[in-house]
Amino acid sequence: MSSKSPRTTRPESHGPEILGLTSQAFVKESKALGIPKVDAISTYRDFYREGRGDGDWFALEDMPMGRREDEGETIKFTLRLGSGEDVRHETESVLIPMQGRGGRRTRTLCVSSQIGCAMGCDFCETAQMGLIRNLSSAQIVAQWFAARHILGHEVNNIVFMGMGEPMDNIEQVIGAIRVLVDHNGPSIPSSKITISTVGRIDGIRRLSELVSEDGFHRLNLAISVNAPDDEVRNRLMPINRAMDMEALRESLRAFPLHGGSALLMEYVLIPEVNDSLEQCDRLCRWLEPLRCSLNVIPYNPRRDSPWCAPSETSVEAFVRRATENGQFTKRRGTKGRDVMAACGQLGNPEIRRRQRRSGREAAS
Ligand code: SF4
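Criteria and cut-off values
- Residues numbered from 1 in each chain as written.
- Predicted model: local features only at pLDDT ≥ 70, side-chain atom pairs only at ≥ 80, totals over all residues.
- Heavy atoms only, no water.
- Helix = DSSP H or I, 4+ residues; strand = E, 2+ residues; numbered from the N terminus.
- Buried < 20%, exposed > 50% of the residue type's maximum accessible area, 1.4 Å probe, protein only.
- Contact = heavy atoms within 4.5 Å.
- Areas by Shrake-Rupley, 256 points an atom, 1.4 Å probe, with all protein chains shown as cover.
- Salt bridge = Lys/Arg side-chain N within 4 Å of Asp/Glu carboxyl O.
- Core = buried A, V, L, I, M, F, W, Y, C linked by side-chain atoms within 4.5 Å.
- Domains from an automatic or database assignment.
- Polar contact = N/O pair within 3.5 Å; in protein donor to acceptor, adjacent residues only side chain to side chain.
- Pairing = 2+ DSSP bridges.
- Axes fitted to C-alpha atoms, helices over the stretch in contact; angles between N-to-C directions.
- Expected span 1.5 Å × (residues − 1).
- Arc of directions from axis to C-beta.
- pLDDT = per-residue confidence, 0-100.
- Parallel < 35°, antiparallel > 145°, perpendicular 65-115°, else oblique.
- Left-handed = near helix turned anticlockwise from the far one by under 90°.
- Nonpolar A, V, L, I, M, F, W, Y, C, P; charged D, E, K, R; others polar.
- Phe/Tyr/Trp six-rings, centres within 6.5 Å; stacked < 30°, edge-to-face > 60°.

Describing the overall build of the chain
In terms of regular secondary structure, the chain is built from eleven helices and 14 strands. When each of the 364 residues of the chain is scored for burial, the buried share is 57%. Expressed as a percentage of contacts within the chain between residues at least 6 apart in sequence, the contacts between residues at least 24 apart total 69%. When the accessible surface of the chain is summed, it comes to about 15400 Å², and 45% of that surface belongs to carbon and sulfur atoms.

As structure tokens, this is what we get:
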């Protein structure tokens, strides 16, 4: 691994910060500093395309690589944040190998949008940390920079399924997406970016506005549904007590889907909570008015979990029943696009445990 690190404070008397700015914004800020457009664009391209960040054109604050853990070809890594009171906190990202179309090898990067999370979902390790802080657009983009230019891997897809609820930090998430799709920068097609939410309706509406803009029509939206009705969902996901499944479905019906795109509905299958065939039928009825694909994800028990992982037989039975009901359904595999999970089901519990500890120490 190279010793290069994305950095984010501006050394004195240098150009504008670059992480978190679109090329247009970077050119504008450079111009105010007397830097010609042609030079600013070339610096921007060098930085994002080649990972070249030396020189006086921009400045970045320190955000060094923290831990890196390899599990087979999957790489989990953290970036340390800032200084002062933030110094103990880290972003958490996962780089996952995939099998793309025609057997092509691709990689998906799962990024965090927050440190911790305020949503309190019952099945999730991150929930136990509470919300520590939001990440800035720059800190989100830095996770891509690290994967591409420090770890040295091409990133084909980006999913907002790491720590945090993206809709809780929607403006910074949108700012990061604008950079990620920038043709002078990372140039990731919007169709290769997925935002996963527990179903914050205000956030879904805000994202609808972005998706209506040229260049963002094919952005993907994934919803952590995880329940066939309000009773089960209220228990698993506190957000549902404020925004119930009917309201959620109405907001999804209004979400603009362009071309052949569909919503991705995530369903973490938990034994004796939401895995019966009768519950499957009810879920399918709820999904019926939506153009969507259903992704069934076997529950991955968190620390001190009251539930175990489902049996292979019950996962297969649930998927078969949903398919028989006419719902396009996949189960999460170990390879391919369907490795994408609900938030709280990817990432690294051990890193989260350490973050929780350091958060407590920082607060004491
Ligand atoms: S599942 Fe997602 S939204 Fe829910 S607590 Fe975990 S990180 Fe937050």
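Still to come is the rest of the account.
Here's the deal with the pattern of salt bridges
Under the criterion given, the structure shown has 16 salt bridges. Of the charged contacts in the structure, one is a salt bridge between Glu209 and Arg206, with a shortest N-O distance of 3.2 Å. Taken together, the positions of Glu209 and Arg206, both in helix 5 (residues 201-211) and three residues apart, correspond to about one turn of that helix. With a relative accessible area of 49%, Glu209 lands in the partly exposed category. Connected through shared salt-bridge partners, Arg67, Arg80 and Glu90 make up one network.

Considering the nonpolar core
In terms of nonpolar packing, the biggest core is built from 78 residues, with Ile177, Ile193, Leu252 and Met265 touching the most fellow members. At nine residues, the largest contribution of residues to this core is made by helix 3 (residues 137-150). Residue assignment places this core across two domains, with domain 1 (7-60) and domain 2 (63-363) each supplying three or more. Ignoring anything within four residues of it in the chain, the contact list for Met265 reads Ile223, Val225, Leu252, Trp286, Leu287, Leu290, Cys292, Ser293, Leu294 and Asn295.

Quick notes on the side chain of Ser261
Residue position: Ser261 is located in the loop between helix 8 (245-253) and strand 12 (263-269). Within the local environment of Ser261, its side chain forms a polar contact with the backbone oxygen of His258, the two atoms lying 2.6 Å apart.

Digging into unusual backbone geometry
One non-glycine residue, Asn226, lies in the positive phi region at around 65°. By relative accessible area, which is 0% here, Asn226 ends up buried. In this structure, Glu272 takes a positive phi of about 60° despite not being glycine. Residue placement: Glu272 occurs in the loop between strand 12 and helix 9 (277-287).

Let's talk about the pairing of strand 3 (residues 65-71)
Sheet analysis places strand 3 next to strand 4 (residues 74-80), joined by five bridges and oriented antiparallel. Of the residues in strand 4, the one forming a bridge with Glu71 is Thr74. In this structure, the hairpin formed by strand 3 and strand 4 is closed by a connection of two residues, where Gly72 is found at a positive phi of approximately 60°.

Considerations on the sheet that holds strand 6 (residues 105-110)
The strands that make up a sheet are held in pairs by hydrogen bonds between backbone atoms, and each pair lies either parallel or antiparallel. If you trace the ten strands from one edge of the open sheet to the other, you get 3-4-5-6-9-10-11-12-13-14, paired in mixed fashion. Both edges of this open sheet fall to strand 3 and strand 14 (329-331), since each of them pairs with a single strand only. When strand polarity is set aside, the average angle formed by the axes of neighbouring strands in this sheet is 20°. Two strands pair when backbone bridges link them, and strand 11 (residues 220-224) and strand 12 are joined in this way by three bridges, in the parallel orientation. Bridge pairing links Ile223 to Met265 in strand 12. Here helix 10 (residues 312-324) sits on the sheet and contacts strand 12, strand 13 (292-298) and strand 14; the angle it forms with strand 14, its principal contact strand, is near 165°.

Looking at helix 10
For helix 10, built from 13 residues, the straight-helix expectation of 18 Å at 1.5 Å per residue is met to within 8% by its first-to-last C-alpha distance of 18 Å. Among all positions of helix 10, only Ser314, Val315, Phe318, Val319 and Ala322 are buried. Down the axis of helix 10, the smallest arc covering the buried residues is 130°, so these residues share one side. Set apart from the buried face of helix 10 by more than 90 degrees, the exposed residues are Thr313 and Glu324. Check the buried side of helix 10 and you find it contacts strand 12, helix 9, strand 13 and strand 14. Just beyond helix 10, the residue with positive phi is Gly326, at close to 90°.

Some remarks on the side chain of Glu90
Looking at the secondary structure, you find Glu90 in strand 5 (residues 90-99). For Glu90, the side chain forms a polar contact with the side chain of Arg67, separated by 2.5 Å.

Some details on the confidence of the model for the chain
Scored by pLDDT, the chain has a mean of 85; 82% of the residues are at 70 or more. When the criterion is pLDDT under 50, residues 55-60 qualifies, and its contacts beyond four places in sequence or with other chains add up to 32 contacts.

A word on the packing of helix 4 (residues 170-180) against helix 5
When two helices pack together, their arrangement is given by the angle between the helix axes and by the axis-to-axis distance. Where helix 4 contacts helix 5, the axes come no closer than 11 Å and their chain directions differ by 25°. On the basis of the axis angle, helix 4 is roughly parallel to helix 5. Classified by chirality, the crossing of helix 5 by helix 4 is right-handed. Contacts between helix 4 and helix 5 involve Ile170, Glu171, Ile174, Ile177 and Arg178 on the former and, on the latter, Gly203, Arg206, Leu207 and Leu210. Broken down by class, the residue content of the contact of helix 4 with helix 5 amounts to five nonpolar, one polar and three charged.

Thoughts on the packing of aromatic side chains
What the rule picks out here adds up to seven aromatic pairs. Seen from their ring centres, Tyr267 and Phe318 are 5.1 Å apart, and the 20° between their planes marks the pair as stacked. In this pair, Tyr267 sits in strand 12 while Phe318 sits in helix 10, placing the two residues 51 residues apart along the sequence. What makes Tyr267 buried here is its relative accessible area of 0%. Here the aromatic residues Phe26, Tyr44, Phe47, Tyr48, Trp144 and Phe145 are joined through ring pairs into a cluster of three or more.

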